Amino acid sequence: MSTNPAKKTREGNPMEQLKAWRTHFETRLNATTASLREPTLGAVRHAVGSGKRLRPLMALACFEACAGGRDAMGPELIDAAIAVELIHKASLAQDDLPCMDADDERDGASTVHAAFSPSDAVLASDAMIALAFRLVSRLPEGGRCVEIVSEAIITMCRGQAQDLQENKGSKDRRWSETCDAKTGALFVAAARLGVAASGLPSESLMDVAQRLGLAFGRLYQLRDDATDADTPIDRLGVLAGHAYDDLAWCVSAFPNSAPAAQLGSLFHRPTRSTTA
């Protein structure tokens, strides 16, 4: 009989497993930021204090979908998941700055620069990115993970620059390029880090993770756009259809499809209404 509490949880109820993993994640995240000093510590804690943690959950889903046999409670996955969340929160702190999107509130709370100052927000985002690189550099696939994170940040910077400039070309193409860069890039990094942490970082699974991250990012942004505009998610019908198809293909391509399918269930493919 197993005496490992983490293993016992993983073999039990999936919701209890997820709850235990989230608790462990939050504890490690808090410990990771503890090395900072005030006022940067306070600004970072404000930045990471809440959130849906979708990118860490993407890493978890891909880790388990690879069925590599490593412990989901182990440092390989937890540190990778914390790294992508730190980068995500750093990007939000920068996006909200007066020189960028000039937002003083996000999800009902003050943004970092509004709660502290623009300079504190910049320094906090720098610290979060540095902490993220420290974490991934220590992973078994450290060199590869650093490349994954670096590529994501560079791509996100390009997406933000595109968003700030006047774009040319087709509206759908412009939306896809900006979405893939600003939103998809970090979901891709989370998925690929999850694969790397599993101990089975084959090129074929890395390619599946890449495609999954882009599809998830597009569906996430489509849902966000639809909520903002009070319009159905299939407003960009062809784009949404392709994203759903890619998501379904990726789920089936993993050795263990259940975890990825569970994450994908956040998005329900709309069906054509039969009512007038």
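Rules of the game
Residues numbered from 1 in each chain as written. Predicted model: local features only at pLDDT ≥ 70, side-chain atom pairs only at ≥ 80, totals over all residues. Heavy atoms only, no water. Axes fitted to C-alpha atoms, helices over the stretch in contact; angles between N-to-C directions. Helix = DSSP H or I, 4+ residues; strand = E, 2+ residues; numbered from the N terminus. Parallel < 35°, antiparallel > 145°, perpendicular 65-115°, else oblique. Contact = heavy atoms within 4.5 Å. Nonpolar A, V, L, I, M, F, W, Y, C, P; charged D, E, K, R; others polar. Buried < 20%, exposed > 50% of the residue type's maximum accessible area, 1.4 Å probe, protein only. Phe/Tyr/Trp six-rings, centres within 6.5 Å; stacked < 30°, edge-to-face > 60°. Lys NZ or Arg CZ within 6 Å of the ring centre and 35° of its normal.

(A) Fine view of the packing of helix H3 (residues 40–48) against helix H7 (residues 118–137). Viewed as axis vectors pointing N to C, H3 and H7 meet at an angle of 75°, and their least axial separation amounts to 9 Å. Between H3 and H7, the angle falls in the class roughly perpendicular. Along its contact with H3, which presents Thr40, Ala43, Val44, Ala47 and Val48, the element H7 presents Asp120, Leu123, Ala124, Ala127 and Met128. For the contact of H3 with H7, the class distribution of residues is eight nonpolar, one polar and one charged.

(B) Seen up close, H3. Most of H3 sits out of view: seven of its nine residues are buried. Those residues of H3 lying buried are Thr40, Leu41, Gly42, Ala43, Val44, Ala47 and Val48.

(C) Seen up close, the packing of aromatic side chains. Scanning all chains against the criterion turns up three aromatic pairs. Centroid distance tryptophan 21 to phenylalanine 25: 5.6 Å. Interplanar angle 20°. Geometry classified as stacked. Within this pair, tryptophan 21 and its partner phenylalanine 25 are both found in helix H2 (residues 14–33), separated by four residues, close to a single helical turn. Relative accessible area serves as the criterion here: at 2%, tryptophan 21 is assigned to the buried category. For phenylalanine 25, a relative accessible area of 0% translates into the label buried. These aromatic residues form a ring-pair network of at least three members: Phe187, Phe216 and Tyr220. Above the plane of the ring of tyrosine 220 lies arginine 55, whose end atom (NZ or CZ) is 5.7 Å from the centre. When the ring centre of tryptophan 249 is taken as origin, the NZ or CZ atom of arginine 211, which lies over that ring, is 4.2 Å away.

Keep in mind these values describe shape, not function.
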